[in-house]
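What follows is the residue order along each chain.
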2 protein chains.
Amino acid sequence: MRGMTTLLAHPERDEIRITAVLHALADPVRLQIVRALASKEEGISCGVLDLGVTASTLTHHVRTLREAGVVRVRPQGTARISSLRRSDLDALYPGLLDGVLAARQ
Amino acid sequence: MRGMTTLLAHPERDEIRITAVLHALADPVRLQIVRALASKEEGISCGVLDLGVTASTLTHHVRTLREAGVVRVRPQGTARISSLRRSDLDALYPGLLDGVLAARQ
DNA sequence: GTCAAAGTTCGACCGATGTCGTAATATGCG
DNA sequence: CGCATATTACGACATCGGTCGAACTTTGAC
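Residues numbered from 1 in each chain as written. Chains lettered and ligands numbered in written order. Predicted model: local features only at pLDDT ≥ 70, side-chain atom pairs only at ≥ 80, totals over all residues. Heavy atoms only, no water.

A. The arrangement of helix α1 (residues 18-25) of chain A in detail. The element α1 of chain A is largely enclosed, with a buried count of six among its eight residues. Within α1 of chain A, the full set of buried residues consists of I18, T19, V21, L22, A24 and L25 of chain A. (Buried < 20%, exposed > 50% of the residue type's maximum accessible area, 1.4 Å probe, protein only. Helix = DSSP H or I, 4+ residues; strand = E, 2+ residues; numbered from the N terminus.)

Next comes the structure, spelled out in structure tokens:
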């Protein structure tokens, strides 16, 4: 088994699809993650967030965001630092991210 | 049975929720509908669109869009005229709709 | 080497949802 | 009224997807 050594796959900018992005953003837990990342340019380990789900569920959500092209994930020790792919998203869908983040909670 | 006389329920602007909107937009068929409506300010009968789904499936999608607050539907004869709730969406999530529509197909 | 911390993987469960076909329901026109 | 058109309602089906727990992997510290 390869386990955690599997390279973290990220779609290139031109591989990002709007339906995948919208689907990724349409879940409450994932939207909370995105909101948290929006205020942390340098990225964070999503495990520090209190989202009311287990670690395995959190893994599932972060992977969904990563595979959709919403976040970039880089290993750092035993942690995974996630950050918003803001420039890619703004280039592809100008206004989308700002609009989503403008929503009252 | 009430049938088609059931009043078409629409959420008020302040009842629209971002997760419902994103979920509504995240489906390929519904996104095609939204794209079509974006170029028709006065609205259209969605039945005229060739989306590759049956009429009953189309009804399901239009209802999803309506209940999410993305479109407004008004009866006109035997038809249902759907139009984008652009001012509501722009007020709630400025840039979101434009960003989504900017996506290359 | 041992141990703890952070994530991942896998399998399972279960509710949500996209799809269809069939039947029923308005609306408008003769 | 009788009929065509446009749409809806209902029921069924298959798949998707969010959730968890248990076991495993990797990394870093001691």
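B. Examining the environment of P94 of chain B more closely. Position of P94 of chain B among the secondary structure elements: in the loop between α4 (86-92) and α5 (96-102). Leave out the neighbours within four places in its chain, and P94 of chain B touches G95, D98, G99 and A102 of chain A together with L89 of chain B. (Contact = heavy atoms within 4.5 Å.)

C. Representation of the sheet that holds strand β1 (residues 44-45) of chain B within the structure. Residues and elements named next belong to chain B. Strands sit in the order β1-β3-β2 across an open sheet of three strands; the sheet is antiparallel. The open sheet has two edge strands, β1 and β2 (71-76), and neither has a second partner. In the sheet, β1 pairs with strand β3 (residues 79-84) via two bridges, with the strands oriented antiparallel. The residue bridging S45 from the neighbouring strand is I81, located in β3. Relative to the sheet, helix α2 (residues 28-38) contacts β1, β2 and β3, its axis offset from that of β3 by approximately 80 degrees. (Pairing = 2+ DSSP bridges. Axes fitted to C-alpha atoms, helices over the stretch in contact; angles between N-to-C directions.)

D. Spotlight on the interface of chain A and chain B. Facing 22 residues of chain A, the contacting portion of chain B comprises 22 residues. Buried surface at the junction of chain A and chain B, summed over both partners, amounts to about 1,500 Å²; 73% is from carbon and sulfur atoms. Taken together, the connections running from chain A to chain B amount to zero salt bridges. Scanning the region where chain A abuts chain B turns up two residue pairs in polar contact (both at pLDDT 80 or more). When residues of the side of chain A that touches chain B are traced back to their parent elements, those giving at least two are α1, α2 (28-38) and α5 (96-102) of chain A. In the side of chain A that touches chain B, the residues fall into 14 nonpolar, four polar and four charged. (Buried area = accessible area lost by both parts, 1.4 Å probe. Salt bridge = Lys/Arg side-chain N within 4 Å of Asp/Glu carboxyl O. Polar contact = N/O pair within 3.5 Å; in protein donor to acceptor, adjacent residues only side chain to side chain. Nonpolar A, V, L, I, M, F, W, Y, C, P; charged D, E, K, R; others polar.)

E. Here's a closer look at the nonpolar core. In this structure, I33 and V70 of chain A together with I33 and V70 of chain B are the most contacted members of the largest nonpolar core, which totals 60 residues. In this structure, I33 of chain B is in contact with C46, L49, L51, L58, H61, V62 and L65 of chain B, ignoring residues within four places of it in sequence. (Core = buried A, V, L, I, M, F, W, Y, C linked by side-chain atoms within 4.5 Å.)

F. Fine view of the pattern of salt bridges. By the definition in use, this model includes eight salt bridges over all chains. Between R86 of chain A and D98 of chain A there is a salt bridge, with its nearest N and O atoms 3.7 Å apart. Within this pair, whereas R86 of chain A is found in helix α4 (residues 86-92), its partner D98 of chain A is found in helix α5, the two being separated by 12 residues in sequence. For D98 of chain A, a relative accessible area of 43% gives the class partly exposed. Here D88 of chain B makes a salt bridge to R72 of chain B, at a shortest N to O gap of 3.6 Å. Taken as a pair, D88 of chain B in helix α4 and R72 of chain B in strand β2 lie far apart in primary sequence, 16 residues in all.

G. Spotlight on the sheet that holds strand β1 (residues 44-45) of chain A. All names here are of chain A. The sheet built from three strands is open, its strands ordered β1-β3-β2 with antiparallel pairing. At either end of the open sheet lies a strand with only one pairing partner, and these are β1 and β2 (71-76). Two strands pair when backbone bridges link them, and β2 and strand β3 (residues 79-84) are joined in this way by six bridges, in the antiparallel orientation. Opposite V73, over in β3, you have S82 as the bridge partner. Sitting on the sheet, α2 is in contact with β1, β2 and β3, with an inclination near 80 degrees to β3. Set on the sheet, helix α3 (residues 55-68) makes contact with β2 and β3; between it and β2 the angle comes to about 120 degrees.

H. Up close: the side chain of T64 of chain A. All names here are of chain A. Summarising the element assignment, T64 is placed in helix α3. On the accessibility criterion, T64 (15% relative accessible area) is buried. Polar side-chain contacts of T64 include one of 3.0 Å to the backbone oxygen of H60. Residues contacting T64, with those up to four places away along its chain left out, are A24 and R30.

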